[in-house]
Amino acid sequence: MHKPILIIGACGQIGTELTFELRSKYGDENVIASDIREGGEALMQSGPFELLDATNYAAIEDVVMHYEIDEVYLMAAMLSATAEKFPMRAWNLNMNSLFNVLNLAKEKKISKVFWPSSIAVFGPNTPKQNTPQSTIMEPSTVYGISKQSGERWCEYYYKKYGVDVRSVRYPGLISWKTMPGGGTTDYAVEIYHEALKKGSYECFLDSDTELPMMYMDDAIRATVSLMDSPAEKIKVRSSYNLAGMNFTPKQMADSIAKHIPEFKISYAPDFRQEIADSWPSSIDDSAARKEWGWEPRFDLDQTTLEMLKNLKG
Ligand code: AKB
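Residues numbered from 1 in each chain as written. Predicted model: local features only at pLDDT ≥ 70, side-chain atom pairs only at ≥ 80, totals over all residues. Heavy atoms only, no water.

Draft legend 1. Structural detail: the site of the ligand. In the vicinity of the ligand, the residues found are Leu79, Ser80, Ser118, Ile119, Tyr143, Gly183, Thr184, Thr185 and Trp279. Note that an oxygen atom of the ligand is positioned 2.7 Å from one of the side-chain N or O atoms of Ser118. Thr184 places a polar main-chain atom, nitrogen or oxygen, 2.7 Å from an oxygen atom of the ligand. Taken by itself the ligand offers 260 Å² of open surface, and the protein chains cover 94% of this. Assessed atom by atom at 2 Å from the grid points, the ligand resides in the largest pocket. (Near = heavy atom within 4 Å. Polar contact = N/O pair within 3.5 Å; in protein donor to acceptor, adjacent residues only side chain to side chain. Areas by Shrake-Rupley, 256 points an atom, 1.4 Å probe, with all protein chains shown as cover. 1 Å grid on protein atoms, 1.4 Å probe; cavity = no way out; pocket = protein on both sides within 12 Å on 5 of 7 lines; lining within 4 Å. Sits in = over half its atoms within 2 Å of the grid points.)

Draft legend 2. Spatial organisation of the nonpolar core. Membership of the largest hydrophobic core comes to 40 residues, with the highest contact counts inside it found for Ile174, Tyr187, Tyr192, Phe247 and Met252. Elements supplying a minimum of two residues to this core: helix 6 (142-161), helix 7 (187-197), strand 10 (200-203), strand 11 (211-215), strand 13 (245-247), helix 9 (249-257), helix 10 (272-277) and helix 12 (300-312). Excluding anything up to four places from it in sequence, Phe247 contacts Ile174, Tyr187, Ala188, Thr209, Glu210, Leu211, Met213, Met252 and Leu300. The next biggest cluster of nonpolar side chains, apart from the first, holds 34 residues, and it includes Cys11, Leu22, Val168 and Met227. (Core = buried A, V, L, I, M, F, W, Y, C linked by side-chain atoms within 4.5 Å. Buried < 20%, exposed > 50% of the residue type's maximum accessible area, 1.4 Å probe, protein only. Helix = DSSP H or I, 4+ residues; strand = E, 2+ residues; numbered from the N terminus. Contact = heavy atoms within 4.5 Å.)

Draft legend 3. Layout of the confidence of the model for the protein. In the predicted model, the protein carries a mean pLDDT of 98, and the fraction of residues at 70 or more is 100%. Mean pLDDT in the protein bottoms out at helix 2 (residues 41-45), which sits at 94, and peaks at strand 8 (residues 168-170), which reaches 99. At the level of chain-chain contacts, confidence expressed as ipTM amounts to 0.99, with global pTM at 0.98. (pLDDT = per-residue confidence, 0-100.)

Draft legend 4. Structural detail: the layout of surface pockets. Of the voids in this model, the largest pocket is the one considered here, and its volume is about 970 Å³. Around the largest pocket, the lining comprises 41 residues; the ones closest to its centre are Met75, Ala77, Met78, Leu79 and Gly181. Breaking the lining of the largest pocket down by element, the ones donating at least two residues are helix 1 (13-26), helix 4 (80-85), helix 5 (87-106), strand 6 (117-118), helix 6 and strand 9 (172-174). Here the lining of the largest pocket gets three residues from one element, more than from any other, and that element is helix 1. Its residues placed into classes, the lining of the largest pocket shows 21 nonpolar, 14 polar and six charged. The calculated volume of the second largest pocket comes to roughly 160 Å³. Contributions of two or more residues to the lining of the second largest pocket are made by helix 1 and helix 8 (216-228). (Points joined across faces, edges and corners; volume = space filled by probe spheres on them. Nonpolar A, V, L, I, M, F, W, Y, C, P; charged D, E, K, R; others polar.)

Draft legend 5. Quick look at the UniProt feature "domain: NAD-dependent epimerase/dehydratase" (unreviewed entry) in the protein. The UniProt record marks residues 5-242 with the feature "domain: NAD-dependent epimerase/dehydratase" (unreviewed entry), using the residue numbering of this structure. Its end C-alpha atoms 24 Å apart, residues 5-242 is made of 42% helix and 17% strand. (UniProt positions renumbered as here; feature names shortened; annotations may be inferred.)

Draft legend 6. Expanded view of the packing of helix 5 against helix 6. Running from N to C, helix 5 and helix 6 point in directions that differ by 15 degrees, and their axes come no closer than 10 Å. Regarding the angle of helix 5 to helix 6, the classification is roughly parallel. The handedness of the crossing between helix 5 and helix 6 comes out as right-handed. Facing helix 5, whose interface residues are Pro87, Ala90, Trp91, Asn94, Met95, Leu98, Phe99, Leu102, Asn103 and Lys106, helix 6 presents Val142, Tyr143, Ile145, Ser146, Ser149, Gly150, Trp153, Cys154, Tyr157 and Tyr161. (Axes fitted to C-alpha atoms, helices over the stretch in contact; angles between N-to-C directions. Parallel < 35°, antiparallel > 145°, perpendicular 65-115°, else oblique. Left-handed = near helix turned anticlockwise from the far one by under 90°.)

Draft legend 7. Representation of a negative patch on the surface within the structure. Together, Glu84, Asp206, Asp208, Glu274 and Asp277 line one region of the surface with negative charge. Within the element layout of this structure, Glu274 appears in helix 10. (Patch = residues over 30% accessible without salt bridge, like charges linked within 9 Å, V, L, I, M, F, W, Y side chains within 5 Å. Salt bridge = Lys/Arg side-chain N within 4 Å of Asp/Glu carboxyl O. Lys, Arg positive; Asp, Glu negative; His and termini not counted. Charge placed at Lys NZ, Arg CZ, Asp CG, Glu CD.)

Draft legend 8. A look at the pairing of strand 10. Burial along strand 10 is one-sided: Tyr201 and Cys203 are buried, while Ser200 and Glu202, pointing the other way, are not. In this structure, strand 10 lies alongside strand 14 (residues 264-267), joined through four bridges in parallel fashion. Across the sheet, the residue bridging to Glu202 is Ser266, located in strand 14. (Pairing = 2+ DSSP bridges.)

Draft legend 9. Representation of the packing of helix 9 against helix 12. Where helix 9 meets helix 12, the closest approach of the two axes is 9 Å, and the angle between their N-to-C directions is 55 degrees. Here helix 12 runs oblique to helix 9, going by the angle between their axes. Judged by the sense of rotation from one axis to the other, the crossing of helix 9 with helix 12 is right-handed. Mapping the contact onto sequence places Gln251, Met252, Ser255 and Ile256 in helix 9 and Leu300, Asp301 and Thr304 in helix 12.

Draft legend 10. Representation of helix 12. Taking 1.5 Å of rise per residue, the 13 residues of helix 12 would be expected to cover 18 Å, and the 18 Å separating its terminal C-alpha atoms lies within 8% of that figure. Of all the residues in helix 12, the buried ones are Leu300, Thr303, Thr304, Met307 and Leu308. One face of helix 12 carries all of its buried residues, which in axial projection span an arc of 120 degrees. The elements touched by buried residues of helix 12 are strand 9, helix 7, strand 11, strand 13 and helix 9. Taking the backbone nitrogen of Asp301 as reference, a side-chain oxygen 3.3 Å away marks Asp299 as the first, capping residue of helix 12. Note on helix 12: the residue one or two positions beyond its end, Gly313, has a positive phi of about 80 degrees. (Expected span 1.5 Å × (residues − 1). Arc of directions from axis to C-beta.)

Set out below in C-alpha cells:
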C-alpha cells in the first residue's frame, strides 16, 4: 500500500485534478487534500481535507505527523499576474512554503517532495524558440524570480541534504474543472468559457503572442510519472522543461471557430503582454523525454474538443 500523501494548495487549478488522480490511484483516504480555503464539493467530499496555511511550518508539521505523511505535493503559489501586484506577498508565499516543505524533508519527516516550477523562470534574454533545459535565465517577473530561486534551492537541498525533490516547469495549463487564478496564460481557459457563454472573447494578449501550453490531463500524467520514476533516473533536480503544444490567441480562436463558427475574438493587451513577451514561445523537453519517458498526448484541436465537450456538460 502507498504511504499517505499530502497535497498543499489542493483547491487550485492543478491541485484539484492532482487530488482526484492521486485518490483514484492510491485510495481516497491515503491522499490528504489541504488548502487555505475550502474547495469544490466534489473535492471536499472525496477524501480527507485540512485547512492549512502553506507558510505555517508548525501547522504543516502537525498534519504531516498526524497522518504519517510520506510525500508532499506543494501546489500553493501566487501566479505571475497577481504577483506583479503584490511582490512581497508573492515572494513570501512562494519561498516560505517551499522552505517549509524542503526542511521537513531535510529533517526526514517526509521522504519525497513535488514542487512546480514554470516557464516563467525564463526571461527576455533567453532563446525564445525551443528553449533549452539549461540556458540564460534572467526572469523579469516577481513570480519568475521566485520560481528560479526555488529551483536553485531544490537542487541545493538535493545535493547537500539528499532531499528527493522533483519538479517540472509547467507551461500554461488548460483545464475545465477549476479556473486558473492570476496567471498570464489564463486567457487560454477563459476563452472557452466565454466562447460558450457569449460567442466572443476579448483577449488580454495580442493575436500573435505564441506561448507554450498544455492540456491538464498531460500535466497531471507528467507529474505522477515523474514522482513514480526511480530516483536514479531523475538527473535534473532543479526542474525539467516540459512541453505540450505552442499556439497564439489567434490560432486558439481559429480552433474554437471550427466548432462555433460565429465565435469572434478581439484583442486588448494589458500589463500581462509584457510578461508574456518575456517568456519562451516553445520549449525543448528532450531531457524529460529521455530520462523518464515523458510524451505529451494533447494538441490544440484535441484540447478544444475536450474543453468544449466538458464545459457544455
Ligand atoms: C502563469 O501564467 O503565471 C502560470 C505559469 C505559466 O506558470 N500559468
